[in-house]
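The chain contents come next:
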Amino acid sequence: MIEKKAVGEAAAQYVKDGMVVGLGTGSTVYYTIQKVGEYVKEGMNIRAIPTSEETKMLALDLNIPLVTFAEVNHLDVVIDGADEVDCHFALTKGGGGALLREKLIADATDLFIVVADSSKMVEKLGKFPLPVEVTPFSWERTARQIEELGSIATRRLNGTEPYISDNGNYILDCSFEVIENPEELSQKLNRIPGVVENGLFVNMAKIVFTVEEGKVVRKMK
Ligand SMILES: O=C(CO)[C@H](O)[C@H](O)COP(=O)(O)O
C-alpha cells in the first residue's frame, strides 16, 4: 500500500501540459491517476484515454478530460501497473481483467511506464497465472488448446458467475509455472483461434518505477 502509493505518485511526474495520456488500471496506478487529477485541478491541460471502465469512472470523478482513438492516434505517455515484471521488463498484466485495452493503449505510445511495488519484480514470469482474454463461444476448446502449451487454464469467476471483461469476453487464468520465453509464448497464444489477447507485454515498457531497499527507483531500458 505504501509502496504502491510511492511508485504511483512518482510516475506522475512524466505527465506534462498538453499531453495525451494513457491511464492504466489497478490499485497502484490509482495513485498516479489521483496525482493527475490534482494537476488538472491546478490547471494542467491534458487529455486521457482510460484502459478500463473502472479507470474511466475514476478519471471522470477527477474531471480529467477524456478522448478516444477516434480523435487521437498516438499517446505521449502511458502509465500502468503490472502483476509481474522480469529483469528485461517483460510483464504479466491482466490481474484486473483489463489486459486487452491495456495492450491496445500501451501499443499506441513510445513511452510506456510501469508502476510496480517490490513484490512484482521477478527473475522469470510465471508464478502469477497468465490472464488470457478469450471469446465466450467455444471457450472450452480454446482453453484446451492453451493447455496443450503446458498450462492449466481456469476460467475467471465473478462470484459464481463467469467474469466478463469490458469487451464482453471471458478471462482464462493460465498457470504456466515458469515462462522461459515470453515473446514466443505470446505469439503462440495469439495464434489460437478464440484468443483475443494475452497478458504478456514484451518489449513494450521503457521505464519501471519500483522500490528497492525502501526507496523508489526508476529503472530505464
Ligand atoms: O494489469 C492490470 C489490470 O488488468 C493491473 O495493472 C495489474 O493487475 C496490477 O494491479 P495492481 O496495481 O492493483 O496490483
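These numbers were taken from a predicted model, which means no experiment stands behind them. (Residues numbered from 1 in each chain as written. Predicted model: local features only at pLDDT ≥ 70, side-chain atom pairs only at ≥ 80, totals over all residues.)

1. Quick notes on the sheet that holds strand 15 (residues 215-220)
Move 1: Strands sit in the order 2-1-3-6-14-15 across an open sheet of 6 strands; the sheet is mixed. Each edge of the open sheet carries a strand with a single partner, namely strand 2 (47-50) and strand 15. Within the sheet, the average angular offset between the axes of one strand and its neighbour, ignoring direction, is 25°.
Move 2: Relative to strand 3 (residues 77-81), strand 1 (residues 20-23) is paired through 3 bridges, and the arrangement is parallel. Across the sheet, the residue bridging to Leu23 is Ile79, located in strand 3.
Move 3: In this fold helix 4 (residues 99-106) packs onto strand 1, strand 2, strand 3 and strand 6 (112-115), with an angle of close to 150° to the strand it touches most, strand 3. (Pairing = 2+ DSSP bridges. Helix = DSSP H or I, 4+ residues; strand = E, 2+ residues; numbered from the N terminus. Axes fitted to C-alpha atoms, helices over the stretch in contact; angles between N-to-C directions. Contact = placed C-beta atoms within 7 Å.)

2. Concerning the nonpolar core
Move 1: Core analysis: the biggest nonpolar cluster contains 52 residues, and Val114 and Leu172 have the highest contact counts within it.
Move 2: If you count residues domain by domain, this core takes at least three from each of domain 1 (2-122 + 202-220) and domain 2 (130-198).
Move 3: Setting aside residues no more than four positions away along its own chain, Val114 makes contact with Asp80, Ala82, Val85, Leu91, Ala205 and Val208. (Core = buried A, V, L, I, M, F, W, Y, C linked by C-beta atoms within 7 Å. Buried ≥ 20, exposed ≤ 12 C-beta atoms within 10 Å, placed from the backbone. Domains from an automatic or database assignment.)

3. Comments concerning the domain arrangement of the chain
Move 1: Along its sequence, the chain is carved into domain 1 (2-122 + 202-220) and domain 2 (130-198).
Move 2: Using C-alpha coordinates to define each centre, domain 1 is positioned 24 Å away from domain 2.
Move 3: The partner domain 2 presents 13 residues to the 13 residues of domain 1 that form the contact.
Move 4: Looking at which element gives the most residues to the side of domain 1 that touches domain 2, the answer is helix 4, with 4 residues.
Move 5: Of the residues in the side of domain 1 that touches domain 2, the class split is 5 nonpolar, 5 polar and 3 charged. (Nonpolar A, V, L, I, M, F, W, Y, C, P; charged D, E, K, R; others polar.)

4. Details of the site of the ligand
Move 1: If you check the shell around the ligand, you find 17 residues, and the closest are Gly26, Thr28, Gly81, Gly95 and Gly96.
Move 2: Elements with a contribution of two residues or more to the shell around the ligand: strand 3 and helix 4.
Move 3: Residues that form the shell around the ligand fall into these classes: 3 nonpolar, 10 polar and 4 charged. (Near = placed C-beta within 6 Å.)

5. A look at helix 5 (residues 139-147)
Move 1: Among the residues of helix 5, Thr142, Ala143 and Ile146 are the ones counted as buried. For helix 5, the buried positions fall inside an angular range of 100° around the axis, keeping them on one side. Residues Glu140 and Arg144 are exposed on helix 5 and point more than 90 degrees away from its buried face. (Arc of directions from axis to C-beta.)

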